[in-house]
Every structure is written in C-alpha cells, then in structure tokens.
Amino acid sequence: MTSNRFFCSGGVIRQSLRQHGWIGLLYLAGLLFTVPLPLFMSIGDERMPTVLGSLFDYTSKYNDLHTPILLTVPVLAGVIMLRFIQRQGPSDLYHSLPLRREHLLTAHLISGLILLLVPVWLTAGVTAWVNATNDLPYIFHMNDVGSWALVVSVISIFLFAFTVFVGICVGQSLLQIAVVYVLMVLPFFLSSMISRFLGHHLYGYYQASGTIVRYSDGMELRSNNNIWHSLSPFVRFTELLRTPFSYIELLVYIGVSLLFVILSYVLYRKRLVEKATQAMAFTFFQPLFKAGVMLCAMLLVGDYFNGVGGQGKDWSIFGYILGAILGYIAVEMVIRKTWQIVRVRALLELVAYTAVLGLAMYIPTSSWVGYEDRIPTAHSVEQVYAGPSLYLDGGITRKDLYFSQDKAYIASVLNLQRELVRAHSSGQTPMTKDEPLQMIAIAYHLDDGSIMTRSYTFPEQPFRAELAKVMMSEPYKTVAYSLDKLYGAAETISIKSGDDEERRVILTDPKEIREFEAVLKEEILDMSYSEMQSGSYPLGNIEILHKASSISKYEPEWARNIAYNWRLSFHKLEGWLKQKGYADRVIVTSKDILSVRAVPIVSQEMKPYQSGQYIEDVNLFRDIQQKHKAIVIEDMKLWKAILENRRSYNYTPDMEKGTYLIQIKIKPLYGLNAHTGYYLLTPKDMTPELAKALPATP
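Note that the coordinates shown come from a computational prediction; the quantities given were computed from them, not determined experimentally.

Reading the values: rules and limits
Residues numbered from 1 in each chain as written. Predicted model: local features only at pLDDT ≥ 70, side-chain atom pairs only at ≥ 80, totals over all residues. Heavy atoms only, no water. Helix = DSSP H or I, 4+ residues; strand = E, 2+ residues; numbered from the N terminus. Expected span 1.5 Å × (residues − 1). Buried < 20%, exposed > 50% of the residue type's maximum accessible area, 1.4 Å probe, protein only. Arc of directions from axis to C-beta. Contact = heavy atoms within 4.5 Å. Pairing = 2+ DSSP bridges. Axes fitted to C-alpha atoms, helices over the stretch in contact; angles between N-to-C directions. Salt bridge = Lys/Arg side-chain N within 4 Å of Asp/Glu carboxyl O.

**So, helix α20 (residues 510–525)**
Moving on, step 1. The end-to-end C-alpha separation of α20 is 23 Å, in line with the 22 Å expected for 16 residues at 1.5 Å each.
Moving on, step 2. Of the positions making up α20, those classed as buried are Glu512, Ile513, Phe516, Glu517, Val519, Leu520, Glu523 and Ile524. Down the axis of α20, the smallest arc covering the buried residues is 165°, so these residues share one side.
Moving on, step 3. The secondary structure elements touched by the buried residues of α20 are α19 (474–480), β8 (490–497), β9 (504–507), β10 (540–546), β11 (561–566) and α22 (571–580).

**Details of the pairing of β9**
For a regular strand, side chains alternate in direction, first toward one face of the sheet and then toward the other.
Moving on, step 1. Alternating residues of β9 divide into Val505 and Leu507, all buried, and Arg504 and Ile506, none buried.
Moving on, step 2. Here β8 folds back onto β9, and the loop between the two strands holds 6 residues.

**What to know about the sheet that holds strand β15 (residues 660–666)**
Moving on, step 1. Spatial ordering of the open sheet is given by β13-β12-β15-β16-β14, a layout of 5 strands whose pairing is antiparallel. Single-partner strands in this sheet number two, and they are β13 (631–633) and β14 (647–648).
Moving on, step 2. Pairing geometry for strand β12 (residues 593–600) and β13, over 3 bridges, is antiparallel. Each residue of the ladder has a partner; that of Arg597, found in β13, is Val632.
Moving on, step 3. Strands β12, β15 and β16 (675–681) of the sheet are contacted by helix α23 (residues 617–625), whose axis makes an angle of about 65° with β12.
Moving on, step 4. Together, β12, β13, β14, β15 and β16 form the strand contacts of helix α24 (residues 636–645), whose direction differs from that of β12 by roughly 70°.

**Quick notes on the pattern of salt bridges**
Moving on, step 1. Summed over all chains, the structure comprises 22 salt bridges.
Moving on, step 2. The closest approach of N and O atoms between Lys496 and Glu543, which form a salt bridge, is 3.6 Å. With Lys496 in strand β8 and Glu543 in strand β10, the pair connects residues that are 47 residues apart, well separated along the chain.
Moving on, step 3. In this structure, the salt-bridge partner of Asp592 is Arg503, at a minimum N-O distance of 3.7 Å. Here Asp592 is found in the loop between α22 and β12, whereas its partner Arg503 is found in the loop between β8 and β9, with 89 residues between them in sequence.
Moving on, step 4. The exposure class assigned to Arg503 is buried, which follows from its relative accessible area of 3%.
Moving on, step 5. Here the salt bridges do not stand alone but share partners, grouping Lys290, Glu332, Arg336, Arg343, Arg345 and Glu349 into one network.

Here you go:
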C-alpha cells in the first residue's frame, strides 16, 4: 500500500524484472562485448599508444556492433514493457488488477529504466577497472568513461521513453517498432525528399548537402539539411564520433524524454482497453498518420517518375497522384487491418487528402511566393560567393577568402543571375543534350544578416558574356580552383604525366614548393575563359599534400590533398620545370611516342550500346577497328598536334559526328611494356593537317 501511494507498485516491478530480465542481461552482454572486452583483448598489442578523444572514438573505429546495440535494445525494452497493453488477454488481466493506470505505467517505466541503466553503469565500472589495472594501448581517463556512460544513459532513456509514448498511441507491437524507427529517420528523409522536390520544381533552388560556410568574423551558414539531420535522432546518434553531444543537446534529449513520459501518462488515462491489437489507439491521430504516409509516398513516387520521365512535368504529376493513391491504400489497410477498403467515404477522403497535400506542395513552387524572381539589390549585398558548388572542402581556417566584397564582382554575379531569371521567366533556357551546360552556385550575405543561396544549371552559350565576367574574376577562380590552398605550406607536391604513371617528380624542398605554388597560382589567375571551358587533355596532374596540421581533427585525412590539372597554357610553369630540370622527367613529347592510330566513331554503329552504358576505351577501339580499318599516323608533326589537341576519353552515345578515337603507344621508362592511352579528337580539335590526315567520318 505504501508503494502504491507513491505511484510505484513493487509487486509489478518484481514481476516485470523476473519476466523481462533477459533484456537487461542482453544489454549488459552487448555493452561488455563491445566496450571493455575489446580493450582487455588489446593488452599486449605492440603498437604505439593511441590517445582517444572519447570512448565513442574507440567503439566506432573498432567495433561496428556498438551503435546497432545502442539503437535497438532500448527500443526493444520499450516494446516489451508496453506489450501488456498491445495484447487483448494481458491487457484485460492487468487492467482488472486493483491498480490505477498511473501505477501500472510507473512500474513498467521503472522496470525498463532499471533494465537499461544498470547495464550501462556496470559496463562503465568494468571499463574503468580494465583501464586502471592494465596497460592498454589506448589512453583515456575516468572522465571519458563517465562521459560515455552519461551519453549512453541519455540515449537509452530517450529511446525507451519515445518507444513507450509510441506504444501508448498504437495498438500493435510490430507497428510500434516500425513507427519508432520511421519517426526517428523521418526528419532526415523528409528534408532530403523535400529538397529534391524543390530542386526539381523551383528554378534556382539550391539542394544543400553538408554545406558549412564560414566567414572571417566567425559566422556560420549551416544549410537546412544540416539542421534537419540534427533533428533526426537516428542520424544524430550515428554521428557521435564526428560530432560529440554538447551539454545543451543532452539537456534537450532529457527534456524531450520527460515530455514523452508526461504525454504517455496523459494519453494512457484516455486509452481504451478495447484498442489492444488495433493499429491506432486514438482516432485523432489518424488524419496526421494518413497525411504523413501519403506525403512520403507522394514525394517518393513522384521523385522516381521525375527521374524516369526525364524531368517531364506530366510524369512528375502522375507520380505524385499515384503516390497519393498508393499511400492512402497502404495506410487504410494498416488502420483497418484488411485489404477490403473500397467504399465511398474512402474515395472522398482520398480526393480530399490528395487535394490538400497537392496544394501544400504546389504553393512553395508557385509564382505567388516569388522565390524564382527574387534578386537582391546591389546595395543590400555585403559579400558574395560564386562557384561550381557551395561545398567548401578543405581546411576551415581560410574559407573567408571564398567570399568577396568587391562591388564589381557582386555586380557581375547579380547581372548573371538577373539574365538567368529573365530567360527562365520567358522560357528561353531549354537545355538540350547537344549543348554544353554550366553550373553555378551563389550565396549572398545580405546587409540584414540573412543568407540567400541559389544554384543554376543552364546552357553556356546564351549566357557566355555574363558568365565570362564572373568566371574571369579572381574571387571565382579562388573558389573554383581553391587558390587559398596555394600558400607555400605543402608537405610534398607530386607532378606526374597524364599519360604515364612512371613519369613523375616529387617536390619536397620548401623553397621549391613556394616557388611552384606561386607560379601555379599565377597561371590559374591568367587563364582565359576559353581555357577554363576547354576539355583538352592536361599535360599532367599536380597533387599537393598539405601538412597534417593544416586540417582540424573533425576533417577527414583526404582534406589534406588537392589536385590540379597541368594545362597546355601553363607555359610559365613549364618554363620553371625546365629551369629546374624536371620537365623531361614528366612531359610526354613526340619523341616518347611509339605509334599513333585512329578510328572514326560512327554513331550508327553505336546503336547496340544502350543509353548510359559505359564502354571501355580499349573495347570501343577494338570493336570499331573490326569494321573500319585504323588509320596509322606516322608523321611526328601530327603526333605533336594530336598531343596538343586531344581530349580525355569519355564515351556518350551522342558523340559529335566527325569524332575520332585515338590510340597512342608511349615508350616505357622502365621495363618493356609500352603504355597505351586512348583519347578523343572532335571536329573542333582538328588542325588543317589533322583534318587532311583524318578525313571526315561517314
């Protein structure tokens, strides 16, 4: 009686622990096997001691089971603890006991928390003991163990409380599990699908993904996707290694858990016993449930048809309507637990839901909102970013260089956007498969502190004048070619031929590195617009490896690397290499060539290949050679012309008529086997001498 007055029935708790104690044992075994046991097994390993940032650092790197255990056992505990209200027999039995519903729920909540939290803190104790009594190859402290236990406890409490809340709202255990995981992933899924939807139907919409823009004053722009990703518990928990929980996040999760517990008490008082085995325990949740499922189905099916239908609006609309129908059928069958759902009311509901959701999807993309036509005024723009994309890779310390306050540059970017919007409004930006396309992403930092982002894909030729003014500017080249990385602090610079891996030079002398990067930066800033758009084959590849200290601990190792093409127009760079005696060790000239052969690419003979199918260069050359005799080119002057005008091999079924596939065999530096490369020569690349040697294709 005493315990009952305090909302705690000791008998129910003891019965629950006896009946479901295996969950706690399962959790304890899983945590012991994934945290202290691998540490104990590492004793005696002859390796350099590793300092761990946290125990999640260790578990995420060396044990793939740790995160799945954290994300499944607390949910399983919540399902098992609410099992008594999901089945008709146990529900009748428990609710016939002389206990109030608050007593029952409290007893099961306490039982579940005991089963989850005791294993966590026992595991923490064992881990601390292993660390204190043995020489481990990993260095961590008691604070790290306490931090791990605190975070795991909060995750366990949140997942358990959330699962209990869902279990109060639904009447089937299987549906409870499905709803828990769907809701935890839903923010990530919805943000991604809505972003794709807006990207398809809103001209200029930027589909952000993992973008972080920093300014020199420390301000950050985090895309909406990042925010929604953080709101998805499932995604957030899997990112603990890269982004540890802050104290504010821990408090938020504890507060939300408490809210779920309170709502569980409120709803449980109103829940009818007869709702056991029913899909939804409360009818007022059904409209939200139906609308949510239909919206997800509309976005998913619509996106599929948008891709399959080749951007055709008719197919997209068909996909959204079909998704709404399929979503409504699915949710009705789940709620009614039967496939026989055909009735007049259901048809009317389907029409009403489809109309409301269709309107909700149409309004953001309509001209009423004015998103597509919105262009900031020049005086309202404080800084501007323009580049091929808004993803700013590499170190975080110099990204302020990507933003420009140059008024002339801001005017050029605004003018380009203005022309794009004008042409789109008047229907003058049709994109054809034969016309080269250009992509540009823009971010304005406005005087009111807001950020305005846009992204456009458009045919290059109609906007060449406006685009050239932007691309020829230093701020654009700084973004497009990461010129902020060329500051003479590289560890090594590898310069290798584009034709032969054997021909390479590696610079390690700091003075040479500074000189080389200065010349390379000057060459990039001097590049013309036509060179930037040219697809000519590079003389070589330049790989710069920065020192490990150049990146933060949150950045991947590959962020140290940056690569550039060594273009034909880089004469100063070639001169510097010749001066240092490195040019002959890298550049392939006519003297290094053994033979050159060419075959015409005839589009009619490419029909057996399906659209989008990739064909290896050697196979294509062999197939064409069986029908058209290869033209052997023996003139070394023509070899030089081919080396200077060739393009990289990139087969598409719609190659320009008159294109040749060129096979070049190069003398090996070491060994006996010649290196064979395949390249393209389009009609635009032909010199008069080459055109004479390679007659027009049939």
